[in-house]
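Understanding the architecture of this molecule
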Amino acid sequence: MSPVEEKVKEIVIKIVRKPELDFTPTTTFKDMNADSLDIVQILVALEDAFDIEIIDEEMKEIANMGEFVAYIERKVAARKAA
């Protein structure tokens, strides 16, 4: 598991309050019973943790945690390259 994936998992599990959650690439926010407030809190926490900006329009394309982690990794890589 990459450092980005570990941090995403840590934040997601903390906010949805499901430490027993099976966090896999195919897990969805719906699987976690995450409501819209949970998702907003997750996005804000990740923006702060990685010093990135998450675009709402881009989030609409993300179906599961595998895609979400890949998206965050791309954002982090782009920030480091800038």
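Described below are features of the structure shown in this document. Starting from 1, residues in each chain are numbered consecutively following that chain's sequence as written. Reporting of local features is limited, given that this is a predicted model, to residues whose pLDDT is at least 70; pairs of side-chain atoms are given and counted only at 80 or more, and all residues count toward the totals for whole chains, interfaces and linings. Where side-chain values are given, they derive from all heavy atoms of the structure, hydrogens and water being excluded.

**Some words on the side chain of D38**
Strands here mean DSSP runs of E at least two residues long; helices mean DSSP runs of H or I at least four residues long; both are numbered from the N terminus. Among the secondary structure elements, D38 is positioned in helix α2 (residues 36-50). Of the side chains with opposite charge, R17 comes closest to the buried, unpaired D38, at an N-O distance of 4.2 Å. Not counting chain neighbours up to four residues away, the residues in contact with D38 comprise I15, V16, R17 and N33. Between buried and exposed lies partly exposed: a residue is buried under 20% and exposed over 50% of the maximum accessible area for its type, with that area taken using a 1.4 Å probe on protein chains only. This count recognises Lys and Arg as positive and Asp and Glu as negative, with His and chain-terminal groups excluded. A pair is scored as a salt bridge if a Lys or Arg side-chain nitrogen falls within 4 Å of a carboxyl oxygen belonging to Asp or Glu. When checking whether two residues touch, look at their non-hydrogen atoms; a contact exists if any pair is within 4.5 Å.

**So, the environment of I39**
Position of I39 relative to the elements: it lies in helix α2. In this structure, the C-alpha to C-alpha distance between I39 and I55, residues 16 residues apart in sequence, is 13 Å. Excluding anything up to four places from it in sequence, I39 contacts F29 and A34.

**Notes on unusual backbone geometry**
Glycine aside, residues mostly have negative phi angles, and peptide bonds mostly take the trans form. Residue R17 is not a glycine yet carries a positive backbone phi of 55°. As for its placement among the helices and strands, R17 is situated in the loop between α1 (3-16) and α2. Phi is positive for D51, close to 55°, though the residue is something other than glycine. Following the sequence through the fold, D51 ends up in the loop between α2 and α3 (56-59).

**Considerations on the packing of α2 against helix α4 (residues 65-81)**
Contact geometry for α2 and α4: axes closest at 11 Å, N-to-C directions at 30°. Crossing handedness for the pair α2 and α4: right-handed. Counting all contacts with α2, which are made through I42, L43, L46 and F50, the residues of α4 involved are F68, I72, V76 and R79. By the convention adopted, Pro, Cys, Tyr, Trp, Phe, Met, Ile, Leu, Val and Ala count as nonpolar, Lys, Arg, Asp and Glu as charged, and the other residues, Gly among them, as polar. For the contact of α2 with α4, a count of residues per class yields 7 nonpolar, no polar and 1 charged. To obtain an axis, a line is fitted to C-alpha atoms, over the contacting stretch when the element is a helix, and the angle between two such axes runs from 0 to 180 degrees between their N-to-C directions. Handedness of each helix crossing follows the sense of rotation of the near helix against the far helix: counterclockwise by less than a right angle gives left-handed, clockwise gives right-handed.

**Considering the pattern of salt bridges**
Going through the model one piece at a time under the given rule, you end up with 3 salt bridges. Residue E10 is joined to K7 by a salt bridge in which the shortest nitrogen-to-oxygen separation is 3.3 Å. On the criterion of helical spacing, the pair formed by E10 and K7 is a turn pair, its members being 3 residues apart in helix α1. Classification of K7 as partly exposed rests on a relative accessible area of 30%. The closest approach of N and O atoms between E57 and K60, which form a salt bridge, is 3.0 Å. Here E57 and K60 have matching classes, each one exposed.

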